[in-house]
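# Coordinate inspection notes
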Amino acid sequence: MIEKFKHIFSGLERAHGVTKVGESNGNGTKVKGKSFVKREPVTDLLWQQHLEGIESLGVIPIDDNNTCKWGCIDIDVYNVDHLVLMRSIKGLGFPLVTFRSKSGGAHLFLF
């Protein structure tokens, strides 16, 4: 599974984003956190920990060749109707894949 995700979400391999979040308040609202870039290689262990929900891994989409295979729009509206959003995107013909974010918003991926 790690190899599939590495292929789909390939990007910069010499650095990655990290977010340290506080305690969840349990009501689905976004929890405050601290995000920063670690200038360390993206390893299989980091991928594994991310996929197991242990540690966040923020892959930087632009690689060392200034190319990009994917991008993501982060929608921080927590009462968004995901079905309406997906239908709107499809109706407009946008090539986006919609996912619910952990906080209840949405992530719109373009590949």
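Structural data are supplied above this passage.
Throughout what follows, the structure given in this document is the object of discussion. (Residues numbered from 1 in each chain as written. Predicted model: local features only at pLDDT ≥ 70, side-chain atom pairs only at ≥ 80, totals over all residues. Heavy atoms only, no water.)

On to the overall build of the protein chain. If you tally the helices and strands in the protein chain, you get 3 helices and 5 strands. If you list the helices and strands of the protein chain from N to C, you get α-β-β-α-β-α-β-β. Dimensions of the protein chain, computed from C-alpha atoms along their principal axes, come out at roughly 40 × 35 × 25 Å. Once local pairs closer than 6 in sequence are excluded, the contacts in the protein chain between residues at least 24 apart make up 59%. Accessible area of the protein chain: about 8,000 Å², with a carbon and sulfur share of 58%. Between the mean site of the 14 positive side-chain charges and the mean site of the 12 negative ones, the protein chain shows a separation of 4 Å. (Helix = DSSP H or I, 4+ residues; strand = E, 2+ residues; numbered from the N terminus. Contact = heavy atoms within 4.5 Å. Areas by Shrake-Rupley, 256 points an atom, 1.4 Å probe, with all protein chains shown as cover. Lys, Arg positive; Asp, Glu negative; His and termini not counted. Charge placed at Lys NZ, Arg CZ, Asp CG, Glu CD.)

Our next topic: the pairing of strand β5 (residues 106–110). The sheet contact formed by strand β3 (residues 71–75) and β5 spans 5 bridges and is antiparallel. Residue pairing across strands places I75 opposite A106, the latter belonging to β5. Pairing analysis gives 5 bridges linking strand β4 (residues 96–100) to β5, with the strands arranged antiparallel. Residue pairing across strands places L96 opposite L110, the latter belonging to β5. With antiparallel pairing between neighbouring strands as the criterion, β4 and β5 make up a hairpin whose turn holds 5 residues, including G104 at a positive phi of roughly 100°. (Pairing = 2+ DSSP bridges.)

A few words now on a nonpolar patch on the surface. On the surface, I8, V97, F99 and F111 cluster together to form a nonpolar patch covering roughly 350 Å² of accessible area. If you trace the backbone, I8 turns up in helix α1 (residues 2–8). (Patch = residues over 30% accessible without salt bridge, like charges linked within 9 Å, V, L, I, M, F, W, Y side chains within 5 Å. Salt bridge = Lys/Arg side-chain N within 4 Å of Asp/Glu carboxyl O.)

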